[in-house]
Amino acid sequence: CIESMNNLKIGHFPPSKRFGLLVHGLIILALAVTSAWGFWNLTRASVGPTFVNFLLVGLIAFAPIPFFGYRAYALFKADYYIDRDSLAIVWGLRVEDIPLTDIEWVRPATDLTSPLTLPQFRLPGAVLGTRRHPDLGVVEFIASNTKNIILISTSKRVFAISPKDAASLVRTFARATEMGSISPAAPVSVYPSFIVTQAWQTPIARFLWVSGLILNIGLIVWVGILIPSLSQIPFGFDAFGAPNDPTASSRLILLPLLSMLLFIGGVIAGLYYYRWDKTRPLAVILWISSAVSALLFLMAVLFLVTTPV
């Protein structure tokens, strides 16, 4: 479907992106700074309630970063295309390619007698989700803002999109319909969850994901047990291989946190490359690296705690 769009493109109508990317960037920056502040103070705090508080701040602030990071990536890649055979909606890993023959009508949302109910959780650049309309039934929003909403009705559901030039998209759709289809197109619906499910069905992916997760969780639990029992550790070595001056054992928590961060990043990056057959070996290499890095961090903790102070 994407190849046919590249060959027979009639219209290309991206949504507004600048403000949405700015908002998502500021949110990610604020969360990253808060998380870094929590982890930095964690390494300087003594074991006790203060230590736990800084740990919670760092983890809670970090947890939403992948979510908002994907939302920003999806907006950056977002686009709407019309060709002689279909209308395609691309939003990150979400792809909806609708044959023109399946489209019943295309019109602005302002033409409705009953206004649309918008998704509850929405941000500039991410008006996403499904809502039910009394006249239209299920409406799926794949839009960057609530202005210039265009509705695309099919037999299954209605899509709400937000091209920057909405009037031009409607005119182009009418022109493409008049020109007629060159070859019948099959409908295509791809969801981000489909990539995860497809990868999970591969034995090597399951083994590497589960192995890496078990190693990281085990490392976090082990370090959590070790920290109260150790007063100081030689955190690092000088150029000659001699241990550095001893420091608070709470700094040991940085190793499992960094290991988990690398593991999550490797899994996500691998899923990105898993989408195409020719880059799937690269995805497997990334997943192997993520699991091996967790094992190396475990060995690093073992080496540090067994080094004489």
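Check the entry above for the structure.
**Here's the deal with the packing of helix α2 (residues 18-42) against helix α4 (residues 65-77)**
Step number 1: Their axes nearest at 10 Å, the elements α2 and α4 cross at an angle of 160 degrees. It follows that α2 is roughly antiparallel to α4 by the angle criterion. When the axes of α2 and α4 are compared, the crossing they make is left-handed. Only I65, F68, G69, R71, A72, L75 and F76 of α4 make contact with α2, whose side of the interface consists of G20, L21, H24, I27, I28, L31 and A32.
Step number 2: In terms of residue class, the contact of α2 with α4 is built from ten nonpolar, three polar and one charged.

**Considerations on the environment of G20**
Step number 1: Take G20: it is sitting in helix α2.
Step number 2: Distance from G20 to R71, taken between C-alpha atoms, is 9.6 Å for residues 51 residues apart in sequence.
Step number 3: Those residues in contact with G20, other than ones at most four positions away along the chain, are L75, P124 and G125.

**Some remarks on the side chain of R71**
Step number 1: Looking at the element boundaries, R71 is found in helix α4.
Step number 2: No salt bridge is formed by the buried R71; its nearest oppositely charged neighbour, E140, is found at 11 Å.
Step number 3: With sequence-adjacent residues up to four places away left out, R71 is seen in contact with H24, F121, A126 and L128.

Analysis parameters
Residues numbered from 1 in each chain as written. Predicted model: local features only at pLDDT ≥ 70, side-chain atom pairs only at ≥ 80, totals over all residues. Heavy atoms only, no water. Axes fitted to C-alpha atoms, helices over the stretch in contact; angles between N-to-C directions. Helix = DSSP H or I, 4+ residues; strand = E, 2+ residues; numbered from the N terminus. Parallel < 35°, antiparallel > 145°, perpendicular 65-115°, else oblique. Left-handed = near helix turned anticlockwise from the far one by under 90°. Contact = heavy atoms within 4.5 Å. Nonpolar A, V, L, I, M, F, W, Y, C, P; charged D, E, K, R; others polar. Buried < 20%, exposed > 50% of the residue type's maximum accessible area, 1.4 Å probe, protein only. Lys, Arg positive; Asp, Glu negative; His and termini not counted. Salt bridge = Lys/Arg side-chain N within 4 Å of Asp/Glu carboxyl O.

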